2 protein chains.
Amino acid sequence: MDTTQRTDQQRSADRRRRELLEAADRVVLRDGPQASMNAIAAEAGITKPILYRHFGDKGGLYAALAKRHTDALLDSLRAALDAPADRRERVESTLDTYLAAIEARPQVYRFLMHPAEGGHAGDQGFDVGKHSAPLLRRMGEELATVIEERLDLGPGSQQLARVWGHGIVGMMHAAGDWWLGERPCSRAELVRSLADLLWGRLAAAGDKVGGPGF
Amino acid sequence: MDTTQRTDQQRSADRRRRELLEAADRVVLRDGPQASMNAIAAEAGITKPILYRHFGDKGGLYAALAKRHTDALLDSLRAALDAPADRRERVESTLDTYLAAIEARPQVYRFLMHPAEGGHAGDQGFDVGKHSAPLLRRMGEELATVIEERLDLGPGSQQLARVWGHGIVGMMHAAGDWWLGERPCSRAELVRSLADLLWGRLAAAGDKVGGPGF
DNA sequence: GCATGCTTGTTACTAGCGGTAACCCTAGTT
DNA sequence: AACTAGGGTTACCGCTAGTAACAAGCATGC
């Protein structure tokens, strides 16, 4: 049959696709998340319609691009999360892995945090909720499963784990974003502060004496 | 002098501005964050250039629009945060206030969470960092000051408070966003789960026996 | 009375975006 | 030689943000 030929063609197409993705990567890294299809096509040495033949629309290209980086980052995180160490160490190492990643490639990070970005108007009733970037969602779910697998949380553990997964990821994300913008302290200090927060130091701290009103 | 006249004109301009903002509000509430300037102008019964005269560009309009809602939400949050109750109660009530707000007007919430949205390309070296919505930043700073005012955190308290402020806000945001999309539990349960997380239940939980590998 | 300016509003345009239709050309098959 | 299949291009559509230029209404100064 045509199987051999088909795989041949498919291989060629896949290679082309990878090349295009790499070109897109370069452009996004240079121009940020609002890189235009024209610019990407030019970087790849071709013209727009080819991009559209490969990826359907801008969302498709961006999704493919995001998937690569998301998968890579999630692999690193999984490694930190599964390391044979005690819980606090694992938490700190996971936080540090994430923060190191966004520190090393902030443009990529910023690109990944964009929701759907496009969403041409016209469609009444846009999808409220699901505003977050897929990366955040995936990290949240991932963390949730690890928590649920590892920790004994009593009844309702699954739901609790999911809330915590998404909550912790959000904490990490927001703190990292703020930190990246202001750089108020070293990465290690940030990691330590966040771990302290998760370790209940907020609840354990004493009230300040002579506060306003008390 | 022309002070009286000036104030007269300024009043008129301010009133007009408010009207335009309310029209914009209606459109954003209907069409979502990607509402076009044309649509907003039409809703206000005028044409584009007037909008541009009042707000400069789309970013200006959106910033003005966001400021209104952000101020309103921050007022509610401050009230919950400053209530005369113990810490756990205040935390829960603040979380609940935020979640109730995003539950009640999800479109507005989604609009507020958008960063700058526009940012025409061309400017090389876009602002990495500062990706987050202004609302998140302001909430984070607000919470940080409250924490620093109220809690005795020892040395480095200011920096720690800021990390925690942004971290907690991010936790609240991400969990709320996920919850709004999936609705896996009631608001009260979500609040409780998040407060538990902040109260150190993650650190206190026991390891699961018979886990994979241990 | 009348020209001057100021605010409010319009029409008509530019430049660039995402996306697509139509065509072109070269390779390989029969 | 004729035909088909992909890879590739030009030229377009409809939309967007944003702007220039022009047209009133209405106060002021002389």
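As the structure is a prediction and not an experimental result, all values here were calculated from the model.

1. A word on the overall build of chain A
Phase 1 of the analysis: Looking only at helices and strands, chain A has 10 helices and two strands in total.
Phase 2 of the analysis: Its helices and strands in sequence order give chain A the pattern α-α-α-α-α-α-α-β-α-α-α-β, from N to C terminus.
Phase 3 of the analysis: Every one of the 214 residues in chain A was classed for burial, and the buried ones make up 44%.
Phase 4 of the analysis: Pairs at least 24 apart in sequence give 58% of the contacts found in chain A among residues at least 6 apart.
Phase 5 of the analysis: Accessible surface for chain A amounts to roughly 10600 Å². Of this, 50% is attributable to carbon and sulfur atoms.

2. Quick notes on unusual backbone geometry
Residues and elements named next belong to chain A.
Phase 1 of the analysis: Located in the positive-phi region is arginine 183, a residue other than glycine, with phi close to 50°.
Phase 2 of the analysis: Within the secondary structure, arginine 183 sits in the loop between helix H8 (157-182) and helix H9 (187-198).
Phase 3 of the analysis: With a relative accessible area of 42%, arginine 183 lands in the partly exposed category.

3. Quick word on the confidence of the model for chain A
One rule of thumb: low pLDDT means the predicted coordinates there are not for detailed reading.
All names here are of chain A.
Phase 1 of the analysis: A residue-level look at chain A finds 85% of positions with pLDDT of 70 or above and a mean pLDDT of 86.
Phase 2 of the analysis: Here helix H1 (residues 3-31) stands out as the least confident element of chain A, with mean pLDDT 79; H9 is the most confident, with 97.
Phase 3 of the analysis: Per-residue pLDDT stays below 50 along residues 1-5; that stretch engages in zero contacts with residues further than four places along the chain or on separate chains.
Phase 4 of the analysis: Counting interchain partners and residues more than four positions distant, the pLDDT-below-50 stretch residues 116-127 has 10 contacts.

4. Here we look at the relation of the copies chain B and chain A
Each of the two copies of the chain can be brought onto the other by a rotation about an axis and a shift along it.
Phase 1 of the analysis: Between the two copies, chain B and chain A, the superposition gives an RMSD of 0.1 Å; the rotation angle is 180° and the shift along the axis is 0.0 Å. Taken together, the rotation and translation relating the two chain copies correspond to the operation of a two-fold axis.
Phase 2 of the analysis: Comparing interface residues between copies, 100% of those in chain B also sit at the interface in chain A, which points to an isologous, same-surface contact.

5. Remarks on the protein's contact with DNA strand D
Phase 1 of the analysis: Close contacts around DNA strand D come from 15 residues, with Thr47 and Arg53 of chain A together with Lys48, Tyr52 and Lys58 of chain B the closest.
Phase 2 of the analysis: Expressed as a percentage, the sugar and phosphate content of the atoms of DNA strand D within 4 Å of the protein is 50%.
Phase 3 of the analysis: Those elements that place two or more of their residues in the surface near DNA strand D are H1 and helix H3 (48-55) of chain A together with helix H3 (48-55) of chain B.
Phase 4 of the analysis: Class assignment for the residues of the surface near DNA strand D results in six nonpolar, four polar and five charged.

6. Some remarks on the packing of helix H5 (residues 87-104) of chain B against helix H8 (residues 157-182) of chain B
All names here are of chain B.
Phase 1 of the analysis: With their axes 10 Å apart at the nearest point, H5 and H8 run at an angle of 40° to one another. Between H5 and H8, the interaxial angle falls into the category oblique. In this structure, the crossing between H5 and H8 has a hand that is right-handed. Facing H5, whose interface residues are Leu95, Tyr98, Leu99, Ile102 and Glu103, H8 presents Met171, Met172, His173, Gly176, Trp179 and Leu180.
Phase 2 of the analysis: For the contact of H5 with H8, the per-class residue count stands at eight nonpolar, two polar and one charged.

7. A closer look at the pattern of salt bridges
Phase 1 of the analysis: Per the stated rule, a full pass over the model turns up 44 salt bridges over all chains.
Phase 2 of the analysis: A salt bridge links glutamate 182 of chain B to arginine 162 of chain A, with the shortest nitrogen-to-oxygen separation between them at 3.1 Å. You can see glutamate 182 of chain B sitting in helix H8 and its partner arginine 162 of chain A sitting in helix H8, one on each of two chains.
Phase 3 of the analysis: A relative accessible area of 38% means that glutamate 182 of chain B is categorised as partly exposed.
Phase 4 of the analysis: Between arginine 150 of chain B and aspartate 82 of chain B there is a salt bridge, with the nearest N and O atoms lying 3.7 Å from each other. Pair noted here: arginine 150 of chain B is in helix H7 (residues 134-150) and aspartate 82 of chain B is in the loop between helix H4 (58-81) and H5, with a separation of 68 residues, a long-range link.
Phase 5 of the analysis: Relative accessible area serves as the criterion here: at 46%, aspartate 82 of chain B is assigned to the partly exposed category.
Phase 6 of the analysis: Among the ionic contacts, a cluster of salt bridges with common partners joins Arg26, Arg30, Asp31 and Glu43 of chain A.

8. Things to note about the protein's contact with DNA strand C
Phase 1 of the analysis: Among the 14 residues in the neighbourhood of DNA strand C, the closest are listed as Lys48, Tyr52 and Lys58 of chain A together with Thr47 and Arg53 of chain B.
Phase 2 of the analysis: A share of 46% of the atoms of DNA strand C within 4 Å of the protein falls on sugar and phosphate groups.
Phase 3 of the analysis: Note that a phosphate oxygen of DNA strand C is positioned 2.4 Å from one of the side-chain N or O atoms of threonine 47 of chain B.
Phase 4 of the analysis: The contact in question runs from a base nitrogen of DNA strand C to an N or O atom on the side chain of arginine 53 of chain B, over 2.3 Å.

9. Examining the interface of chain B and chain A
Phase 1 of the analysis: Each partner contributes to the interface: chain B provides 67 residues, whereas chain A provides 68 residues.
Phase 2 of the analysis: Between chain B and chain A lies a buried interface of about 6500 Å² when both sides are counted; carbon and sulfur atoms form 60% of it.
Phase 3 of the analysis: Across the contact surface, chain B and chain A share six salt bridges.
Phase 4 of the analysis: The salt bridge partner of arginine 87 of chain B is aspartate 207 of chain A, with a shortest N-O separation of 3.0 Å.

10. Structural notes on the packing of aromatic side chains
All names here are of chain A.
Phase 1 of the analysis: Inspection of the entire model under this criterion finds two aromatic pairs over all chains.
Phase 2 of the analysis: Ring geometry for tyrosine 62 against phenylalanine 111: centres 5.0 Å apart, planes inclined by 70°, an arrangement best described as edge-to-face. Here phenylalanine 111 lies in helix H6 (residues 106-113) and tyrosine 62 lies in helix H4 (residues 58-81), a separation of 49 residues in the sequence. As far as the burial class goes, tyrosine 62 and phenylalanine 111 line up, both buried.
Phase 3 of the analysis: The ring of tryptophan 199 is capped by arginine 88, whose NZ or CZ atom sits 5.3 Å from the centre of that ring.
Phase 4 of the analysis: Lying across the ring of tryptophan 179, arginine 183 places its NZ or CZ 4.7 Å from the centre.

11. Things to note about the environment of arginine 87 of chain A
Phase 1 of the analysis: Assignment of secondary structure puts arginine 87 of chain A in helix H5 (residues 87-104).
Phase 2 of the analysis: Taking relative accessible area as the criterion, arginine 87 of chain A reaches 13% and is therefore assigned buried.
Phase 3 of the analysis: For the pair arginine 87 of chain A and arginine 150 of chain A, spaced 63 residues apart in the sequence, the C-alpha separation amounts to 9.8 Å.
Phase 4 of the analysis: Setting aside its immediate chain neighbours within four residues, arginine 87 of chain A contacts Leu151 and Trp199 of chain A together with Leu202, Ala203, Ala205, Gly206 and Asp207 of chain B.

Reading the values: the criteria
Residues numbered from 1 in each chain as written. Chains lettered and ligands numbered in written order. Predicted model: local features only at pLDDT ≥ 70, side-chain atom pairs only at ≥ 80, totals over all residues. Heavy atoms only, no water. Helix = DSSP H or I, 4+ residues; strand = E, 2+ residues; numbered from the N terminus. Buried < 20%, exposed > 50% of the residue type's maximum accessible area, 1.4 Å probe, protein only. Contact = heavy atoms within 4.5 Å. Areas by Shrake-Rupley, 256 points an atom, 1.4 Å probe, with all protein chains shown as cover. pLDDT = per-residue confidence, 0-100. Least-squares fit on C-alpha atoms with pLDDT ≥ 70 in both. Near = heavy atom within 4 Å. Nonpolar A, V, L, I, M, F, W, Y, C, P; charged D, E, K, R; others polar. Axes fitted to C-alpha atoms, helices over the stretch in contact; angles between N-to-C directions. Parallel < 35°, antiparallel > 145°, perpendicular 65-115°, else oblique. Left-handed = near helix turned anticlockwise from the far one by under 90°. Salt bridge = Lys/Arg side-chain N within 4 Å of Asp/Glu carboxyl O. Polar contact = N/O pair within 3.5 Å; in protein donor to acceptor, adjacent residues only side chain to side chain. Buried area = accessible area lost by both parts, 1.4 Å probe. Phe/Tyr/Trp six-rings, centres within 6.5 Å; stacked < 30°, edge-to-face > 60°. Lys NZ or Arg CZ within 6 Å of the ring centre and 35° of its normal.

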